[in-house]
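# Architecture at a glance
Each chain, written out:
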Amino acid sequence: MSKIQTKKEIMRNSLNAMVINIGKSGVNDNVIEEIKRQLKNGEIVKLRFSRSMSSNKDEFIEEIVNKTRSQLIDVRGNVAILYKRNRE
């Protein structure tokens, strides 16, 4: 039985989510593919951006959300939480 998770439930589940670090090399196809894999495996992924990326962080998040067809749940500091519901 599948149900749509609320933001509160997603945030609670994000405590155990996979963390992907995004450094000064930025976002490339390999990073996008890894995020897609992790979303498929666990529905929730945390993206941790290095401090040097903070000025471009919002642009990178938008690019990642569009390319992975995921939903941005929350951004706090340099950490973004993405969610993509599995259809299985």
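To be clear, the structure that these remarks concern was listed above.
Computed from a prediction, not measured in an experiment: that's the story for all the values here.

What counts as what
- Residues numbered from 1 in each chain as written.
- Predicted model: local features only at pLDDT ≥ 70, side-chain atom pairs only at ≥ 80, totals over all residues.
- Heavy atoms only, no water.
- Core = buried A, V, L, I, M, F, W, Y, C linked by side-chain atoms within 4.5 Å.
- Buried < 20%, exposed > 50% of the residue type's maximum accessible area, 1.4 Å probe, protein only.
- Helix = DSSP H or I, 4+ residues; strand = E, 2+ residues; numbered from the N terminus.
- Patch = residues over 30% accessible without salt bridge, like charges linked within 9 Å, V, L, I, M, F, W, Y side chains within 5 Å.
- Areas by Shrake-Rupley, 256 points an atom, 1.4 Å probe, with all protein chains shown as cover.
- Salt bridge = Lys/Arg side-chain N within 4 Å of Asp/Glu carboxyl O.
- Lys, Arg positive; Asp, Glu negative; His and termini not counted.
- Charge placed at Lys NZ, Arg CZ, Asp CG, Glu CD.
- Axes fitted to C-alpha atoms, helices over the stretch in contact; angles between N-to-C directions.
- Parallel < 35°, antiparallel > 145°, perpendicular 65-115°, else oblique.
- Left-handed = near helix turned anticlockwise from the far one by under 90°.
- Contact = heavy atoms within 4.5 Å.

Within the largest apolar cluster, 17 residues are counted, with the highest numbers of intra-cluster contacts made by Ile-22, Val-27, Ile-35, Leu-47, Phe-49, Ile-64 and Leu-82. Elements represented by at least two residues in this core include exactly β1 (18–22), α2 (29–42), β2 (44–49), α3 (57–68) and β4 (79–83).

All right, on to a positive patch on the surface then. A cluster of basic side chains, namely Arg-69, Lys-84, Arg-85 and Arg-87, defines a positive patch on the protein surface. Positionally, Arg-85 belongs in the segment after β4.

Bringing the packing of α2 against α3 into the picture now. Contact geometry for α2 and α3: axes closest at 10 Å, N-to-C directions at 60°. With respect to α3, the element α2 is oriented oblique. Between α2 and α3 lies a crossing of right-handed hand. On the side of α2, the interface is formed by Ile-32, Ile-35, Lys-36 and Leu-39, while α3 contributes Ile-64, Lys-67 and Thr-68.

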